[in-house]
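# Structure assessment
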Amino acid sequence: GRYMKIVNLTPHAINVVVDGQTRTFESAGIARATQTSTQVGALEGIPVFRMEYGAPVDLPDPEEGVYYVVSAITATAARESGRITSDLLLTANLVRDEAGRVVGCGGFSAL
């Protein structure tokens, strides 16, 4: 089959837990969305902002056989800027330890 490469473009390592085995994908860079916040009001003296996301930053162009794990916000920014998203993955199905702490995910979600 074709060679597939998974590149983690989130700020933290991602642990994928499948059948009790953990595979770790270290951060290889950080893709993010440009972001503007505009104050739209206040509640009990606490500012309320509207967040608007622009084009993705540091997200490589699609490349055959390469998949990029990104945040949901980055994926949305990519889609809204017209970039194809078939090579983007999100983490899916959080895995927790006995104390309820998140220790990884059970796989990836395609867009």
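Keep in mind that what you see is a predicted model, and the values were worked out from it rather than measured. (Residues numbered from 1 in each chain as written. Predicted model: local features only at pLDDT ≥ 70, side-chain atom pairs only at ≥ 80, totals over all residues. Heavy atoms only, no water.)

Bringing the pairing of strand β4 (residues 32-43) into the picture now. Relative to strand β5 (residues 46-57), β4 runs antiparallel, the two being bridged by 10 bridges. Across the sheet, Ala-33 pairs through a bridge with Pro-56, a residue of β5. Where β4 folds back on β5, the antiparallel hairpin that results is connected by two residues, among which Glu-44 adopts a positive phi of roughly 50°. (Pairing = 2+ DSSP bridges. Helix = DSSP H or I, 4+ residues; strand = E, 2+ residues; numbered from the N terminus.)

It is worth spelling out a nonpolar patch on the surface at this point. Taken together, Phe-49, Met-51, Tyr-53 and Ile-73 make up a surface patch of nonpolar side chains, about 340 Å² in accessible area. For the nonpolar patch, the element with the most residues is β5, which contributes three residues. Locating Met-51 in the fold gives a position in strand β5. Since its relative accessible area comes to 34%, Met-51 is described here as partly exposed. (Patch = residues over 30% accessible without salt bridge, like charges linked within 9 Å, V, L, I, M, F, W, Y side chains within 5 Å. Areas by Shrake-Rupley, 256 points an atom, 1.4 Å probe, with all protein chains shown as cover. Salt bridge = Lys/Arg side-chain N within 4 Å of Asp/Glu carboxyl O. Buried < 20%, exposed > 50% of the residue type's maximum accessible area, 1.4 Å probe, protein only.)

Position of Arg-83 relative to the elements: it lies in the loop between α1 (72-80) and β7 (88-96). A relative accessible area of 14% places Arg-83 in the buried class. Side-chain polar atoms of Arg-83 contact the backbone oxygen of Pro-60, separated by 2.8 Å. Within the structure, Arg-83 has its side chain in polar contact with the side chain of Asp-87 (distance 2.8 Å). In contact with Arg-83, not counting residues within four places along its chain, are Leu-59, Pro-60, Asp-61, Pro-62, Tyr-68, Ala-78 and Leu-88. (Polar contact = N/O pair within 3.5 Å; in protein donor to acceptor, adjacent residues only side chain to side chain. Contact = heavy atoms within 4.5 Å.)

Okay, the pattern of salt bridges next. This model, assessed by the stated rule, comprises two salt bridges. Salt-bridge contacts for Arg-83 lead to Asp-87; the nearest nitrogen and oxygen are separated by 2.8 Å. Across the salt bridge formed by Asp-97 and Arg-101, the nearest N and O atoms sit 3.1 Å from each other.

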